[in-house]
Structure formats: C-alpha cells, structure tokens
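Listed below, chain by chain, are the residues.
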Amino acid sequence: MCGIVGYVGKSQALSLVIDGLRKLEYRGYDSAGIALAPDLQPENLENKLWVEKKAGKLSNLESQLTGEIPNAHSAIGHTRWATHGGPTDLNAHPHLDNEGKLAVIHNGIIENYLDLRKELEAKGHKFTSQTDTESVAHLLSDARKAHHGDLAAAMREICGKLRGSFTLLAIHADDPSRIVGARRNSPLVVGAGEGENFLASDVSAFISQTKRAIELGQDEVAEITADSIEVTNLKGEKLPLKEYEISWNAQAAERGGYEHFMLKEIFEQPKAISDTLIGRLGKEGKVIENNIDLKNISKVVIVACGTAYHAGLVGKYAMETWAHLPVDVELASEYRYREPYADEKTLVVAISQSGETMDTLMALRYAKSQGAKIVAICNTQGASIAREADAIVYTHAGPEIAVASTKAFETQIIAIYLLALQLAKVNQTISPELIAELEYEIESLPNKVEQILETVEPLRELTRKFKDANSMLFLGRHVGYPTVLEGALKLKELAYMHAEGFAGGELKHGPIALIDNGTPVVAIMPPANSIIAEKMASNIQEVKARGAVIIQIGDHKLASADHYIHIPTSPEFLQPVLAVVPLQVIAYEMAVARGNDVDQPRNLAKSVTVE
Ligand code: M6R
C-alpha cells in the first residue's frame, strides 16, 4: 500500500524519483505526487518546496510535469492507495506544513491522527486534506523548530507520538541536501549509491542505479545525504548499517516485450520453480536458511492471506500426509484476533510474497508471543516477516510486479512441499524411497509447467468466448479444491466477475442451485489413480446434467467435458502446480477481453501493509 521514493545525489532528482515511482506503482495507484527541493530558489517559490500532485495513475502526474521545473538534486515522491480521505488531488501526498517548506510522504495508517489534528488545529495549524498523514507534516514542522532545524531529531521525537504503522519520508526546503525516513510496521530500505543515496519502499525503485541495499529495523530513523547514510534508533543511538547485495537484476523488474507484467510472470514460472529448488533437494539439500529444531513439533499452523493462503491450503494436504502432523491453515486476519492456543511445540508457517502483509506480520507476532516457532516462506529479502521469523525459506520467484500473484503462488507451494519433506525426513515419517520419488517428481515440475505454457493459445481463444458470462464456477476435490479457490480469486480480482470455487463433494449441499443452462464450470480432474477420481467425475456429471458447460482440466479427458485443457500427469499432491496455470491464463485473458487493467486491477494494491 503506497510506494515511496526519496533521492539525494549527483543527478537530477525528478527523473530518478519518477522512474522509482513507476516501479512502485503496483503498490498503489489512486494518486501520485512529488516534492522537489530546488538547488536555487526560483523567485516565485519564496524558499519553499516545489510540489506537484495529481489524483489517478502516475501518468496523470507525469502529464502535469510541464513548464518550468527547477533543478533539484533531492526529492521525495509517492504513489498512493487511499485509506483516509478519497483519491483526490488534495489528499495526494506529499503533505506540507503551513509554510510550504516541509513535505512528508507516508505509507501506513496513523491511528491517533484525529487527536493529533485537534491539538495542532488548536495551536493554529491549518489543514487542507482529509488524510491522517497531514498531521505528521504539521507535527514534524513544530518538532523541527524545537530541535533547531535538526530534521532527524524531530523525526525521532514525533515517532514516539505516533500510533499505528508508518513509513515516513520528509524533506525541508532550508536543508535540501538531506532526506529523513522512519519506519514502524511498514517497509523502508536504503539504496546506497556512489555520490547518491535512495530511500524506498522496496529495492525495485532503485535497482537500476545501485544493487547495494541497507535494511532498516523497526522504529529506526535513516538520514541520507549524497555522501552519507546514518541510521539511529528512536533514542538517537547510531546503529551499524546492515548492508546486503540485491540478487535481482534490473531487467527482472521490466516487462521485457510482454504486453503485461502478469503474462511475463506466468511465463517465468518454470524458472521461478527451478530457482526455488536449487540446492534444496537430496541428502545435502538445505531448505531452511537458519537452524531451527523441527523435532518435538506437535502441530503446524499456516498463516497467510489471499493467494498465499491458498498455497498454505495445498501445503496442508501434503504436510499432513508426508509429515504426519496436524496442520491448520488460518487466514492471518482472523487468526490474530481469535487468541488461538499456541505453544513452543507449535510450528507457525507464515507465507507472504511481499513479507510485509500487515495481517500476516501481526499473526506471526501473536504466535511468537505465545512461544511458537516461526518459519517464514517469503519472496522478499530483508522484509519484516522474514526478519521477525526464527527461520526462513526464501522463494526465488524474483520480483512479482503484477498485483495478481502467479509465480509467487507456484514457488510458495514448492517451498511448502520442501518444508513438508524436511519435516518428514527429520521425523522419519515416510520412507527414504518415497522421499526420493517425490523429490524426483518435484524436480520435473518446471518442465511440465513449460509444456502447459507451450499450449495456452487455444485456451486464450476459448476464454474469450465466455467474456460476457455473468459468473464462472470452479470445481475441485482434495488438492484440487484449494487450486480452484485460487482460480476463482484470480478471476474476481482481474475480470471483476462473479467467481466461486467449490469442493466437488459440497455441491449437493447447496451450491448446485447456482447451475443454470450455459453456466461455465471449470473443473479440475485428479489423476486417474486418485481415490477420488470417480467421485470427481460424478460431480462433473451432476453439474453437466443441470446445463453447465464443462471446461475440464486434467491429464485425461472425460466424455462429459465440453472443452478439455490437458496438463501432464503428476502425483496427485503435486497437481496444483500444473492445474493452476490454465486458471491463471483464463483470468488473464478474461481481464484483457473485458478491457480491464490487468497489472493494476481496481481497488487493489500489491503489498497490503494496512489491516
Ligand atoms: O505479499 P503477500 O503474499 O502476503 O500477499 C497476500 C495477498 O495480499 C496476495 O496474495 C493477494 O491475494 C494477491 N494479489 C492475489 O493475486
């Protein structure tokens, strides 16, 4: 939610900040804005910042950037996902103090903003927006004066007064060579360059300029100039810089000839799976980055949201069968407020692509406070969820830019298979022969996904035939059930169309009433040797008999199928990795056919850092 970029250095700041915002636009696209601290003050600016902001996508702001724009070597920029105050020009960030000298951008929610606003208004501050952020600009302005112009000291002081979650960046016209940032429960990372430095929500904003990044912890304040980076805690104590090399390359965050990021990411899946498997199979394979005792675990709880939750549901089937452990899968937003029982024998697996999803982070913290061991499955190095877990399994999907998750889902499932097999090895719950066989099958998945991708064209054509349907239903059983939940989520998210996933066995308990003449039903048929193959075939018959048009996915065609999408044969537990690919393609194509914005669907954002 919201993308943030700050730049100070040798180059013109405007183009670098706009370029960074373009990379971060997936985080929010309700409005965008920029504040420049001019090198030389144009007369009409009276020593103020130069600010431009506009409702709508970043392109709206860009088309506004005409006429005389002052030279500036420092700037901050923001792309917004609205929480407090609608997506208007006035509510767009940056927000300024009453002198127009200090600008603030923010990601997160300031929970006590109304109290702060009342106090500030009583002191004479005038507000122009409905946002929670504007209170921070006024508060920081007063604190800076009290600290004789020391913006970092002012930032440390006000962080103590703010409740909620925030990444904040601030700049002041009287000290243009400095940007100050702070974070609590929202992401912020420093990009360390030569004669230039960056602050951003994530590394994709500056990866084309530098691959050196510095992690910031909870309640830390970073102060950057062109030649210096200083990180302190809220007491003002200087902290060592935790620098790391970014392994993604700049091209990975570009569209590379594809019409949409989502399509590119669908086609990157074989590689993402292979990368996630490297060094993790066989006797020498190492699945978890840090050492954690996997013995003496009595229960596993998987916490996640959205697509990551569906990956967790697939993981439950595999883990219960291979590792002989009871596994609960919980929506993170429900788990944390239920006060569920957990203890040191509970293994909590937090799954998150971004590693910043607030609900998942809070669920993790709750479980930790109860003494549970935490393993994170995460795609983003140094993200909060990865840092706060006891151990990590990184997925190596590379940057996922499209809001709809595809390759991250595949690699999350792979990571959870690996974790399940690790538990099975440690606790010797299945034979080494079966483990070797499963590992062999897992290793063959990238090739099989590749085969599916080579034959998607007819599926795209078929999808377009259903573009005017009011609704599409999805049927699956066993691991096919979480897979169809994911297929339905993708379709809702991208095509803005009613879509629901059902367990085949549940149909007769109510949902079958939805079936009407011509209702498109996408059904995943398990492999022929599955004990539920016949049951699923009957469920398909049941909907067909009531007028449904059957689009069947599987490794063998049923006579009842109106349309058949072939996927290679694999063991049943691994089938979701293959079966989800056609579902992603259906959702993608439907969004294109309906003229929707594929990479930035309405009302959504990639990284959900608010509750
Ligand atoms: O970054 P996370 O994996 O924690 O994100 C969780 C969900 O917000 C995410 O999977 C969401 O459901 C996707 N946009 C769905 O495509």
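Coordinates for the structure precede this section.
Now for a quick tour of the structure. Worth saying up front: this structure is predicted, and the values here are computed from it rather than measured. (Residues numbered from 1 in each chain as written. Predicted model: local features only at pLDDT ≥ 70, side-chain atom pairs only at ≥ 80, totals over all residues. Heavy atoms only, no water.)

So, the overall build of the protein
Move 1: Each helix and strand in the protein was counted, giving 18 helices and 24 strands.
Move 2: Relative to its length of 611 residues, the protein is compact, with a C-alpha radius of gyration of 25 Å against a globular reference of 25 Å.
Move 3: Seen through its C-alpha atoms, the protein measures out along the principal axes to roughly 80 × 55 × 45 Å.
Move 4: In the protein, of all internal contacts separated by at least 6 residues, the share reaching a separation of at least 24 is 72%.
Move 5: In the structure as shown, the protein presents an accessible area of about 22,900 Å², 49% of it carried by carbon and sulfur atoms.
Move 6: Put simply, the protein has 61 plus and 80 minus side-chain charges, and the middle of one group is 2 Å from the middle of the other. (Helix = DSSP H or I, 4+ residues; strand = E, 2+ residues; numbered from the N terminus. Rg over C-alpha atoms; globule rule 2.2 N^0.38 Å. Contact = heavy atoms within 4.5 Å. Areas by Shrake-Rupley, 256 points an atom, 1.4 Å probe, with all protein chains shown as cover. Lys, Arg positive; Asp, Glu negative; His and termini not counted. Charge placed at Lys NZ, Arg CZ, Asp CG, Glu CD.)

Regarding the side chain of N107
Move 1: Along the chain, N107 turns up in strand β6 (residues 102-110).
Move 2: If we ignore the near neighbours within four places in the chain, the residues touching N107 are M1, C2, I4, R27, S165, F166, T167, S186, P187 and T609.

A word on the sheet that holds strand β7 (residues 164-172)
Move 1: In space, the six strands of this open sheet follow the order β5-β6-β7-β8-β12-β13, with antiparallel pairing throughout. Each edge of the sheet is formed by a strand with only one pairing partner; in this case those strands are β5 (95-96) and β13 (229-233).
Move 2: For strand β8 (residues 179-184) and strand β12 (residues 220-224), the ladder comprises five bridges, and the chain directions are antiparallel. Bridging from a neighbouring strand, R183 pairs with E220 of β12. (Pairing = 2+ DSSP bridges.)

Digging into the pairing of β13
Move 1: The element β13 is extensively covered by neighbouring structure, given that four of its five residues are classed as buried.
Move 2: Direction of pairing for β12 relative to β13: antiparallel, over a ladder of five bridges. Residue pairing for β13: E220 is matched across the bridge by N233.
Move 3: In sequence, β12 turns back onto β13 through a hairpin of four residues. (Buried < 20%, exposed > 50% of the residue type's maximum accessible area, 1.4 Å probe, protein only.)

Section: the site of the ligand
Move 1: Taken together, 15 residues are adjacent to the ligand, and S352, Q353, S354, T357 and E493 come closest.
Move 2: Between the ligand and V403, the relevant distance is 2.9 Å, taken from a nitrogen atom to a main-chain nitrogen or oxygen of the residue.
Move 3: Protein contacts shield 91% of the accessible area of the ligand, which totals 410 Å² for the unbound molecule.
Move 4: Counting only elements with at least two residues in the shell around the ligand, the list comes to α8 (306-323) and α16 (480-495).
Move 5: Broken down by element, the residue count for the shell around the ligand peaks at three residues, all from α8.
Move 6: Split into classes, the residues belonging to the shell around the ligand amount to five nonpolar, eight polar and two charged. (Near = heavy atom within 4 Å. Polar contact = N/O pair within 3.5 Å; in protein donor to acceptor, adjacent residues only side chain to side chain. Nonpolar A, V, L, I, M, F, W, Y, C, P; charged D, E, K, R; others polar.)

Regarding the environment of L459
Move 1: Along the chain, the position of L459 falls in helix α15 (residues 457-465).
Move 2: Sequence separation between L459 and Y394 is 65 residues; the distance between their C-alpha atoms is 32 Å.
Move 3: Those residues within four positions of L459 in sequence are excluded, and the remaining contacts are I565, P582, V585 and I586.

Observations concerning the nonpolar core
Move 1: Judged by nonpolar contacts, the single largest core of 125 residues is most densely connected at W322, Y417, M472 and L491.
Move 2: Not counting chain neighbours up to four residues away, the residues in contact with M472 comprise F466, L491, M497, H498, A499, E500, P520, V522, I551, I586 and M590.
Move 3: Core analysis: the second largest hydrophobic core is formed by 25 residues, L102, L120, A154 and C159 among them. (Core = buried A, V, L, I, M, F, W, Y, C linked by side-chain atoms within 4.5 Å.)

A word on the packing of aromatic side chains
Move 1: The tally for this structure, following the rule as stated, stands at six aromatic pairs.
Move 2: Between the aromatic rings of Y335 and Y366, the centroid separation amounts to 5.8 Å while the plane-to-plane angle is 80°, which identifies the pairing as edge-to-face. Within this pair, whereas Y335 is found in helix α9 (residues 332-338), its partner Y366 is found in helix α10 (residues 358-369), the two being separated by 31 residues in sequence. Assigned by exposure class, Y335 and Y366 land together as buried.
Move 3: Cluster of aromatic residues (ring-pair linked, three or more members): Y7, F198 and F206. (Phe/Tyr/Trp six-rings, centres within 6.5 Å; stacked < 30°, edge-to-face > 60°.)

Observations regarding the sheet that holds strand β17 (residues 346-352)
Move 1: One open sheet accounts for five strands, arranged β16-β15-β17-β18-β19; its pairing is parallel. Both outer strands of the open sheet, β16 (327-331) and β19 (391-394), are each paired with one neighbouring strand and no more. This sheet shows a mean twist of 20° between the axes of neighbouring strands, independent of strand direction.
Move 2: Relative to β19, strand β18 (residues 373-378) is paired through four bridges, and the arrangement is parallel. Residue pairing for β19: V375 is matched across the bridge by A391.
Move 3: Along the sheet, α8 contacts β15 (299-304), β16 and β17; its crossing angle with β16, the most-contacted strand, is approximately 175°. (Axes fitted to C-alpha atoms, helices over the stretch in contact; angles between N-to-C directions.)

Things to note about helix α12 (residues 407-427)
Move 1: Relative to the 30 Å expected for 21 residues at 1.5 Å per residue, α12 spans 30 Å between its end C-alpha atoms, a close match to the ideal helical length.
Move 2: Buried residues dominate α12, accounting for 18 of its 21 residues.
Move 3: After α12 finishes, the residue Q428 shows a positive phi value of roughly 50°. (Expected span 1.5 Å × (residues − 1).)

As for the pattern of salt bridges
Here the idea is simple: oppositely charged side chains can pair when their charged atoms come close.
Move 1: According to the stated counting rule, one finds 33 salt bridges in the structure shown.
Move 2: Between R184 and D219 there is a salt bridge, and its shortest N-O distance comes to 2.8 Å. In this pair, R184 is assigned in strand β8 and D219 in the loop between β11 (212-215) and β12, connecting sequence segments 35 residues apart.
Move 3: A residue is classified by how much of its surface remains accessible, and R184, at 14% relative accessible area, is buried. (Salt bridge = Lys/Arg side-chain N within 4 Å of Asp/Glu carboxyl O.)

Points about the pairing of strand β23 (residues 549-554)
Where a strand is regular, its side chains alternate between the two sheet faces.
Move 1: With five of six residues buried, β23 lies mostly within the body of the structure.
Move 2: For strand β22 (residues 520-524) and β23, the ladder comprises five bridges, and the chain directions are parallel. Considered in β23, the bridge of P520 is made with V549.
Move 3: This β-α-β element, β22 to helix α17 (residues 533-544) to β23, shows right-handed connectivity.
Move 4: Pairing between β23 and strand β24 (residues 563-566): four bridges, direction parallel. Across the sheet, the residue bridging to I553 is I565, located in β24. (Right-handed = clockwise from strand over helix to strand, strands pointing away.)

Concerning helix α13 (residues 432-443)
Move 1: Between the first and last C-alpha of α13 there are 16 Å, a value that for 12 residues agrees with the 16 Å anticipated at 1.5 Å per step.
Move 2: If you check which residues of α13 are buried, you get I435, L438, E439, E441 and I442. Each buried residue of α13 sits inside an arc of 160° when the element is viewed along its axis, so together they form one side. Looking at α13, the residues exposed on the side facing more than 90 degrees away from the buried face are E433, E437, Y440 and E443. (Arc of directions from axis to C-beta.)

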